Structure formats: C-alpha cells, structure tokens
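Here is what each chain is made of, one letter per residue.
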Amino acid sequence: MGKRAFVVEDEENVREIIRCALESGGLEVSGFEDASAMFAALRDGLPDILLLDIMLPGMDGFETLRRLKKNPKTARLPVILLTARGAETDKVAGLDLGAEDYITKPFGVLELMARVRTVLRRRQDTGTGEAVYKFKDLQLDVARHEVLLNGKPLELTLKEFELLRVLMQHPGRVLTRDFLLDTVWGYSYAGETRTLDMHIRGLRRKLGDSADDGHISTVRGVGYRFNAK
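Residues numbered from 1 in each chain as written. Predicted model: local features only at pLDDT ≥ 70, side-chain atom pairs only at ≥ 80, totals over all residues. Heavy atoms only, no water.

Colleague: I'd like a rundown of the packing of aromatic side chains, residues and numbers included.
Modeller: Pairs of aromatic rings are described using the distance from one ring centre to the other and the angle between the two planes. Within the structure shown, the criterion is met by two aromatic pairs. An angle of 70° between the planes, with centres 5.0 Å apart, marks the rings of F6 and F32 as edge-to-face. Here F32 lies in strand β2 (residues 28-32) and F6 lies in strand β1 (residues 4-8), a separation of 26 residues in the sequence. Residue F6 is classed as buried on the basis of its relative accessible area of 2%. (Phe/Tyr/Trp six-rings, centres within 6.5 Å; stacked < 30°, edge-to-face > 60°. Helix = DSSP H or I, 4+ residues; strand = E, 2+ residues; numbered from the N terminus. Buried < 20%, exposed > 50% of the residue type's maximum accessible area, 1.4 Å probe, protein only.)

Below, the structure is given as structure tokens:
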C-alpha cells in the first residue's frame, strides 16, 4: 500500500494543485476544506502526512495542530503547515506547536514535493542500530525516539530530534548550515538557513541553554557545534 496524505485547504484550486502534485508523486490523497471534516476522516485511520493550511474557516491551522499534538493517537502525525503569512513569528509559532516544516505561499510544486519526500523519509528512517548518545545531563535514544535532560523526557518535534541527533553524532565538530540542511531537511535552498536557525533557537530553549553557554554553540558565519564537555 502506498503512502497516504491528507490536505486541509479551503481554497479549492490550491487544494487541487496540491492533490495533483502529491498523486503524481505516488501518494494517495484526501482533501478537506476545513478541520472538522479532516478530524472526522481521522476516525477511519491516520495518513502518513498532513498538509495543513493556517488560514482556515472555523478552527484555524494553529488550533488544529494544537489538538492533534495533544491527542496521543495523532501526536506523532507529521504536519507541514501551508501559510500565506511570511512573518517569522507565525513560522516559529507553528514549529513550536509541533509542525515538522512550513511552506510559504505561493510555493513551487517541486519544492512542495521535496519537502514532503523529506518528511516521509525521515519518518521512515529512525536511524541505524540501537544508538544511544549521552553527554553529561543529556541523553538521546534513537530506537526509543527519546531525549532525556537530567533524566526527564523532552518533547521535541521530529525535526528538532533529528537535528539534535546529528549534532550529538559529531560532538565538538563544527557542522555547517548547508550540511545540517542537507542532512536533516534534504535540501539547502538559498534563504532556508532561517528554518535551521529557528529550530536551533527552539532546541536551545527546550534544553535550557543561554545564548552559546550550553549544549549548542554558534560558530559565526559557519554553523553550529554540540558541546560535549
């Protein structure tokens, strides 16, 4: 059976463009014009990925995402936000709520498919072996998909988990922005370093880091380093 995608988008023409693009990529697609219809469909089973517009009639995308992440049955469902809002605050809000990625309208079909494939690939690839990375107060267990800080679990998004995993795999090494984008997101489009920087800020906040005095340091003009000391 192929991968399934749900698309929640109130503009029919945009929904059709997305549906055609995803179906051309081999996905089975169900489209919905509002969140209530999508929630009703979830009772019959979960898709492999959800593309969710923010500006929806009734329940908006942020509230929809919040409800999905609070429900244990749908908390792990990968969500890509579709937004006409280009403000960084809106993007950060979506990432903080648990979205794996966001796409700003208008978007290209090739970019859309690249991001969808990356999320699906990361969802399927949970890492090799039974690796556990541990440095001082922080532990990341690949098989359990679990991060512990001082013995207490941290709630990370899939992208935050993957980003932290890559950093902890290379303790003390400076990893360039392009390397991290290629490894975690599967692309390194110009201008997308903002996506990486926002995830780093989110990780630092959850790890309790203060500026560069913590687990992750910024190397100006190059990238980031995980501090194993």
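Colleague: Requested: an account of the pairing of strand β11 (residues 216-219), with residues and values cited.
Modeller: Note that β11 and strand β12 (residues 223-226) share four bridges and pair antiparallel. Within β12, the residue paired with S217 across the bridge is R225. Counting the residues in the hairpin turn of β11 and β12 gives three residues, including G221, whose phi is positive at 80°. (Pairing = 2+ DSSP bridges.)

Colleague: Got a sec to walk through the sheet that holds β12? Specific residues and values, please.
Modeller: Spatially, the three strands line up as an open sheet ordered β10-β12-β11, and their pairing is antiparallel. Only two strands of the sheet have a single partner each, and these edge strands are β10 (174-176) and β11. With strand direction ignored, the average angle separating the axes of adjacent strands in the sheet is 30°. Relative to the sheet, helix α6 (residues 158-169) contacts β10, β11 and β12, its axis offset from that of β12 by approximately 70°. Along the sheet, helix α8 (residues 193-207) contacts β11 and β12; its crossing angle with β11, the most-contacted strand, is approximately 145°. (Axes fitted to C-alpha atoms, helices over the stretch in contact; angles between N-to-C directions. Contact = heavy atoms within 4.5 Å.)

Colleague: Any chance you could break down the side chain of K105 for me, citing the residues and the numbers?
Modeller: Within the element layout of this structure, K105 appears in the loop between β5 (101-104) and α5 (109-124). A relative accessible area of 19% places K105 in the buried class. A distance of 3.1 Å separates the side chain of K105 from the side chain of D53, its partner in a polar contact. Among residues more than four places away in sequence, those in contact with K105 are E9, D53, L82, T83 and A84. (Polar contact = N/O pair within 3.5 Å; in protein donor to acceptor, adjacent residues only side chain to side chain.)

Colleague: I'd like a rundown of a negative patch on the surface, residues and numbers included.
Modeller: On the surface, D10, E11, E12 and E33 cluster together to form a negatively charged patch. In this fold, E12 is placed in helix α1 (residues 12-24). Judged by its relative accessible area of 54%, E12 falls in the exposed class. (Patch = residues over 30% accessible without salt bridge, like charges linked within 9 Å, V, L, I, M, F, W, Y side chains within 5 Å. Areas by Shrake-Rupley, 256 points an atom, 1.4 Å probe, with all protein chains shown as cover. Salt bridge = Lys/Arg side-chain N within 4 Å of Asp/Glu carboxyl O. Lys, Arg positive; Asp, Glu negative; His and termini not counted. Charge placed at Lys NZ, Arg CZ, Asp CG, Glu CD.)

Colleague: So what's going on with the sheet that holds strand β8 (residues 146-149)? Residues and values would help.
Modeller: Overall, antiparallel pairing links the four strands, which are arranged β6-β7-β8-β9 in an open sheet. Only two strands of the sheet have a single neighbouring strand rather than two, namely β6 (132-135) and β9 (152-153). As paired elements, β6 and strand β7 (residues 138-141) share four bridges and run antiparallel to each other. Each residue of the ladder has a partner; that of V132, found in β7, is D141. Relative to β7, α6 is tilted by about 110°, and along the sheet it contacts β6, β7 and β8.

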